[in-house]
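A look at the structure
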Amino acid sequence: MIAPIAPVVPAGSMSGGGQPSFRLASGFVLRPWRPDDADVLVVSCRDPEVRQWNRPVGLTLDAAVEKIGRWEQGWRAEEVAIWAVCRSEEAEPVGLIGLADMDLRGGSGEFLYWLLPAGRGHGVMAEATVRVSRWAVEELGLHRLRITHSVANRASCGVATRAGFPLEG
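Residues numbered from 1 in each chain as written. Predicted model: local features only at pLDDT ≥ 70, side-chain atom pairs only at ≥ 80, totals over all residues. Heavy atoms only, no water.

1. As for the sheet that holds strand β5 (residues 108-115)
- In spatial order, the strands read β1-β2-β3-β4-β5-β6; together these six strands make up an open sheet with mixed pairing. Unpaired on one side and paired on the other, β1 (22-23) and β6 (144-147) mark the two borders of the sheet.
- Sheet analysis places β5 next to β6, joined by four bridges and oriented parallel. For Gly-109, the partnering residue across the bridge sits in β6 and is Leu-145.
- Across the sheet, helix α4 (residues 124-140) lies against β1, β2 (29-32), β3 (81-86), β4 (93-103), β5 and β6, angled at about 35 degrees from β4, the strand it touches most. (Pairing = 2+ DSSP bridges. Helix = DSSP H or I, 4+ residues; strand = E, 2+ residues; numbered from the N terminus. Contact = heavy atoms within 4.5 Å. Axes fitted to C-alpha atoms, helices over the stretch in contact; angles between N-to-C directions.)

Right, dumping it as structure tokens:
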């Protein structure tokens, strides 16, 4: 009998601790979303660029609070890792970055990100992508990260390229 292949990242590697926050060199902070950030999610669903490239469903304030709760549950279930992009720990979010479609057993995850106008033009998303990549590979132990984006989305292509993700496929 062939022994089963061990998972790349053992179960409990994420859920065994709280979701970390990260301070970026630019001064921005990546932190877990909080229920009181729900109004920003509602606003993000109305932003033309977020709508074009991410196709969010319109959210009510209550639905946004529930979504943030699902992200917290997703962390504990080791399925997603979603951060708010903020100018400081206490500031309201100007964007979102995270890993979804996480497969700890196989060692992979897929980036998702967006910025509201207040966060655009500072290079923060490329910096955030590099920081989350370092966490995912060096601390969590994933070995394959991907950014799936439209090549027509020049901003997202720029983020991917500046963060070291070459175009493939």
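2. Things to note about the pairing of β5
- When you tally the buried positions in β5, you get six out of eight residues, the bulk of the element.
- Note that β4 and β5 share seven bridges and pair antiparallel. Bridge pairing links Asp-103 to Ser-108 in β5.
- Taking the residues that link successive antiparallel strands as the turn, the β4-β5 hairpin has four residues, and the phi of Gly-107 there is positive, at about 85 degrees.
- Each parallel crossover has a hand, and the one from β5 via α4 to β6 is right-handed. (Buried < 20%, exposed > 50% of the residue type's maximum accessible area, 1.4 Å probe, protein only. Right-handed = clockwise from strand over helix to strand, strands pointing away.)

3. Points about the packing of aromatic side chains
- The final tally for this structure, using the stated rule, is seven aromatic pairs.
- Ring centres of Trp-83 and Trp-135 lie 5.3 Å apart, and the angle between their planes is 80 degrees; on these two criteria the pair is classed as edge-to-face. Of this pair, Trp-83 sits in strand β3 while Trp-135 is found in helix α4, placing the two residues 52 residues apart along the sequence.
- Both rings, one in Phe-111 and one in Phe-165, keep their centres 5.6 Å apart while their planes meet at 80 degrees; by these two values the pair is edge-to-face. (Phe/Tyr/Trp six-rings, centres within 6.5 Å; stacked < 30°, edge-to-face > 60°.)

4. Observations regarding the layout of surface pockets
- The space that makes up the largest pocket amounts to roughly 580 Å³.
- Contributing to the lining of the largest pocket are 27 residues, with Tyr-113, Trp-114, Asn-153, Ala-155 and Ser-156 lying nearest its centre.
- Put simply, the parts of the chain that give the lining of the largest pocket at least two residues each are α2 (48-54), β5, α4 and α5 (154-162).
- In terms of residue class, the lining of the largest pocket is made up of twelve nonpolar, eleven polar and four charged. (1 Å grid on protein atoms, 1.4 Å probe; cavity = no way out; pocket = protein on both sides within 12 Å on 5 of 7 lines; lining within 4 Å. Points joined across faces, edges and corners; volume = space filled by probe spheres on them. Nonpolar A, V, L, I, M, F, W, Y, C, P; charged D, E, K, R; others polar.)

5. What to know about the pairing of β2
- Taken together, the two bridges between β1 and β2 define a ladder with antiparallel strand orientation. Among the inter-strand pairings, Arg-23 is bridged to a residue of β2, identified as Val-29.
- Connecting β1 to the antiparallel partner β2 that follows it, the hairpin turn spans five residues, and Gly-27 within it adopts a positive phi of roughly 100 degrees.
- Note that β2 and β3 share four bridges and pair antiparallel. Its bridge partner being in β3, Val-29 is matched across the sheet by Cys-86.

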